[in-house]
Amino acid sequence: MKKRILMLVLAMTTVVAAHAQGPRLGIRAGVNYAGFGGSDADNLDRIWGGHAGLTANFPLSVDNFFSIQPEVLYSMKGAETSADDVKWKINYLDVPVLGRVNAGPLYFEAGPQVSFRIGGEVDVNNTTITEDLDDYKRTSFGYAAGVGLQATPLGLSIGVRYNGDISKLYDNTNIGNYRNDVFMLTLGYLFGGR
């Protein structure tokens, strides 16, 4: 009897392992439509930028219905005044950790994000001023959420995502209440599809 139970457990483990999709690594890139949110950002317009980086997907269920997807993305954010005389172009390394629900060709994702400022510039009347970036926080915390379409066996996906900061851009309370506010159109490819 013990031998039959052991054989049944081994057979079930083999079937589960054969059907479960393991971790997959990939790349992601796309377009950002970035701006500043917050109570003092009414007179600011959005700017276009981009994002690119690495992604990974770790299934947490046998049928891959739920997975965790951490990413590391270079992301261009910023805003400009309505008169186009001041433009903020700030570059970040975004690290979202997303819970992902895979419902057939649709996916839904959401989770926390930490962002590290790695560069950028402020243009005032077409003159670049880089020292103004010292007023910005080096690290900010936020969230990301999105929806998209995927071709799971091929590893391809296309989606829209919103990410926003909970942290203010500045430590200095005299500057104003501004936060990063970004809409993304993103394309992804996971290696190892079958």
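See above for the structure.
The text that follows walks through the structure, step by step, so that each part is easy to find. The shown structure was predicted, so the numbers you read here are calculated from the model rather than taken from an experiment. (Residues numbered from 1 in each chain as written. Predicted model: local features only at pLDDT ≥ 70, side-chain atom pairs only at ≥ 80, totals over all residues. Heavy atoms only, no water.)

Description of a nonpolar patch on the surface
Together, Val-31, Tyr-33, Trp-48, Leu-106, Phe-108, Val-147, Leu-149, Ile-158, Val-160, Phe-183, Leu-185 and Leu-187 give the surface a local cluster of nonpolar side chains, amounting to about 1,100 Å² of exposed area. A total of 3 residues in the nonpolar patch trace back to one element, the largest contributor, which is strand E10 (residues 179-190). Examined against the element boundaries, Val-31 turns out to sit in strand E1 (residues 24-37). Under the relative-accessibility criterion, Val-31 is labelled partly exposed at 36%. (Patch = residues over 30% accessible without salt bridge, like charges linked within 9 Å, V, L, I, M, F, W, Y side chains within 5 Å. Areas by Shrake-Rupley, 256 points an atom, 1.4 Å probe, with all protein chains shown as cover. Salt bridge = Lys/Arg side-chain N within 4 Å of Asp/Glu carboxyl O. Helix = DSSP H or I, 4+ residues; strand = E, 2+ residues; numbered from the N terminus. Buried < 20%, exposed > 50% of the residue type's maximum accessible area, 1.4 Å probe, protein only.)

Comments concerning the pairing of strand E9 (residues 156-165)
The pairing of strand E8 (residues 139-151) with E9 spans 10 bridges and is classified as antiparallel. What sits directly across from Gln-150, in E9, is Ser-157. Between E8 and E9, which follow one another and run antiparallel, lie 4 residues, and Gly-155 among them has a positive phi close to 85°. Inspection of the sheet shows E9 paired to E10 by 9 bridges, in the antiparallel sense. Of the residues in E10, the one forming a bridge with Asn-163 is Val-182. (Pairing = 2+ DSSP bridges.)

Here's the deal with the side chain of Ser-167
Considering the arrangement of structural elements, one finds Ser-167 in the loop between E9 and E10. Setting aside its immediate chain neighbours within four residues, Ser-167 contacts Lys-137, Ser-140, Phe-141, Tyr-178 and Arg-179. (Contact = heavy atoms within 4.5 Å.)

Overview of the pattern of salt bridges
Two side chains bearing opposite charge may form a pair once their charged atoms approach each other closely. The tally for this structure, following the rule as stated, stands at 8 salt bridges. With a closest N to O distance of 2.8 Å, Glu-71 and Arg-161 form a salt bridge. With Glu-71 in strand E4 (residues 66-81) and Arg-161 in strand E9, this residue pair connects regions lying 90 residues apart in the sequence. We note that Glu-71, like Arg-161, is buried. The salt bridge partner of Asp-123 is Lys-89, with a shortest N-O separation of 3.1 Å. Here Lys-89 lies in strand E5 (residues 86-103) and Asp-123 lies in strand E6 (residues 106-124), a separation of 34 residues in the sequence. Of the residues examined, Asp-123 reaches a relative accessible area of 13% and is grouped as buried. Connected through shared salt-bridge partners, Arg-28, Glu-71, Glu-109 and Arg-161 make up one network.

Geometry only, nothing functional implied.
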